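# Summary of the model geometry
The residues making up each chain are set out below.
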Amino acid sequence: MESKFFKAKKIYDNVTLIAGLGGEQSYLIEGNEKALLIDGLAGVGSLKAFVRELTDLPVTLVNTHGHVDHIGADFEYSEVYIDPEDIALLYEHSDREMRLGFAKSGAMFGPLPVEPRLDDVTVPGPIKTLPLKDGDIFDLGGVQLETISVPGHTRGTVVFLDRARSVVYSGDACNRNTLLFTEFSTSIEEYKESLLHFQSFEDAFELLWGGHGGQAEKKSIIEDALQLCDQIMAGTDDAVEAVSIGRPCWYAKAKNERFQRFDGGVANIAYAKNRIWKKDLQ
């Protein structure tokens, strides 16, 4: 199913991946009684109306974290589950121009199907934020999702585990381009602790469906990221200078352009050198 703002495809019989103009991804998971919408994209176009065409079930919205490309539909649903650590970030990233700019950034991957306008962007307003924490369970009727806290990309980042399906819906918690250099990120040392917590669940899943990329990653990406954390802290990483989202940063691994992936595994971490250690945040 497609509209001018969204594309949807089934990845499992009860799970639909929905992509926005900027390449950002959300997941609609249907049970026998309820549906869970994981992330709200950038809010260009009405995701709520699009979802109504996909399911008749009552929908609960949850955020993996509070960044601009994950919270757009929050203002349509007016109620969302989110880790309290990211509530301030949600509102800071509610700016319509910022969200429109993110959607337009999708043009770097190819022509957009439509030129989005400011009028297409959801209007921010007060949201009822319901607390989300490690261990919370969402029972959809025959389908259960378990919340795992993975602070790093933001301090309130969480992922959702479906044990029966053996998958995790991971947002931006651990991927090929994990950004850890903003004021909302943790230190590398703290991120490593989070990854170890995440890895302790790996017997329960095989794949990670993330917030970007259009494909699932194998769970070995967590071990790749842990190794990069150790290299960064030891000063033995590649430390490639770069600019991402308009900010200077360092990438732990040099990119292999031929294969469009990163040498030494699929994971990569962009970090700020002055935010490596916990003491720098105290």
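Residues numbered from 1 in each chain as written. Predicted model: local features only at pLDDT ≥ 70, side-chain atom pairs only at ≥ 80, totals over all residues. Heavy atoms only, no water.

### Re the overall build of the protein chain
The number of helices and strands found in the protein chain is six helices and 19 strands. In summary, the protein chain has a C-alpha radius of gyration of 18 Å against a globular reference of 19 Å for 282 residues, a match within 12%. With the C-alpha coordinates of the protein chain rotated into their principal frame, the extents come out at 50 × 40 × 40 Å. Taking all 282 residues of the protein chain together, 54% fall into the buried category. (Helix = DSSP H or I, 4+ residues; strand = E, 2+ residues; numbered from the N terminus. Rg over C-alpha atoms; globule rule 2.2 N^0.38 Å. Buried < 20%, exposed > 50% of the residue type's maximum accessible area, 1.4 Å probe, protein only.)

### Describing the sheet that holds strand S13 (residues 207-210)
Read from one edge of the open sheet, six strands run S8-S9-S10-S11-S13-S14, paired in mixed fashion. Two strands in the sheet have a free side with no partner beyond their single neighbour: strand S8 (137-139) and strand S14 (216-218). Here the average twist between neighbouring strands, direction ignored, is 25 degrees. Relative to S14, S13 is paired through three bridges, and the arrangement is antiparallel. Within S14, the residue paired with Leu-208 across the bridge is Glu-217. (Pairing = 2+ DSSP bridges. Axes fitted to C-alpha atoms, helices over the stretch in contact; angles between N-to-C directions.)

### Here we look at helix H4 (residues 96-104)
Residues spaced three or four apart along an α-helix point in a common direction, a consequence of the helix completing one turn every 3.6 residues. Among the residues of H4, Arg-99, Leu-100, Phe-102 and Ala-103 are the ones counted as buried. One face of H4 carries all of its buried residues, which in axial projection span an arc of 155 degrees. Against the buried residues of H4 lie helix H2 (74-77). Put simply, Asp-95 is the residue that caps the front of H4, since its side-chain oxygen is 3.1 Å from the backbone nitrogen of Glu-97. (Arc of directions from axis to C-beta. Contact = heavy atoms within 4.5 Å. Polar contact = N/O pair within 3.5 Å; in protein donor to acceptor, adjacent residues only side chain to side chain.)

### Section: helix H5 (residues 188-199)
An ideal rise of 1.5 Å per residue puts 16 Å on twelve residues; H5 measures up with 16 Å between its terminal C-alpha atoms. Within H5 the residues assigned to the buried category are Ile-188, Tyr-191, Ser-194, Leu-195, Phe-198 and Gln-199. Seen from one end, H5 has its buried residues packed into an arc of 135 degrees, which puts them on one side. In this structure, the buried side of H5 is in contact with strand S10 (158-162), strand S11 (167-171), strand S12 (178-180), S13, helix H6 (220-234) and strand S19 (269-271). (Expected span 1.5 Å × (residues − 1).)

### Quick word on unusual backbone geometry
Here Leu-41, not a glycine, exhibits a phi torsion of approximately 55 degrees, which is positive. For Leu-41, a relative accessible area of 1% corresponds to the buried category. Phi is positive for Ser-78, close to 65 degrees, though the residue is something other than glycine. Here Ser-78 lies in the loop between H2 and strand S6 (79-82). Classification of Ser-78 by relative accessible area gives partly exposed; the value is 37%.

### A closer look at the pairing of strand S9 (residues 144-149)
With five of its six residues buried, S9 lies for the most part within the structure. Of the strand pairs in this sheet, S8 and S9 are connected by three bridges, and their pairing is antiparallel. Of the residues in S9, the one forming a bridge with Asp-139 is Gln-144. The hairpin turn running from S8 into S9, its antiparallel successor, is four residues long, and Gly-141 in that turn takes a positive phi close to 90 degrees. One ladder, built from four bridges, connects S9 with S10; its direction is antiparallel.

### Comments concerning the sheet that holds strand S16 (residues 247-251)
Pairing in this open sheet of four strands is mixed, and the strands run S12-S19-S16-S15 from one edge to the other. One side of each edge strand has no neighbouring strand; the edge strands of this open sheet are S12 and strand S15 (240-244). Across this sheet, the average inter-strand angle for adjacent strands is 35 degrees, counted without regard to direction. Pairing of S16 with S19, which is carried by two bridges, proceeds in the antiparallel orientation. Paired with Tyr-251 across the two strands is Ala-270, which belongs to S19.

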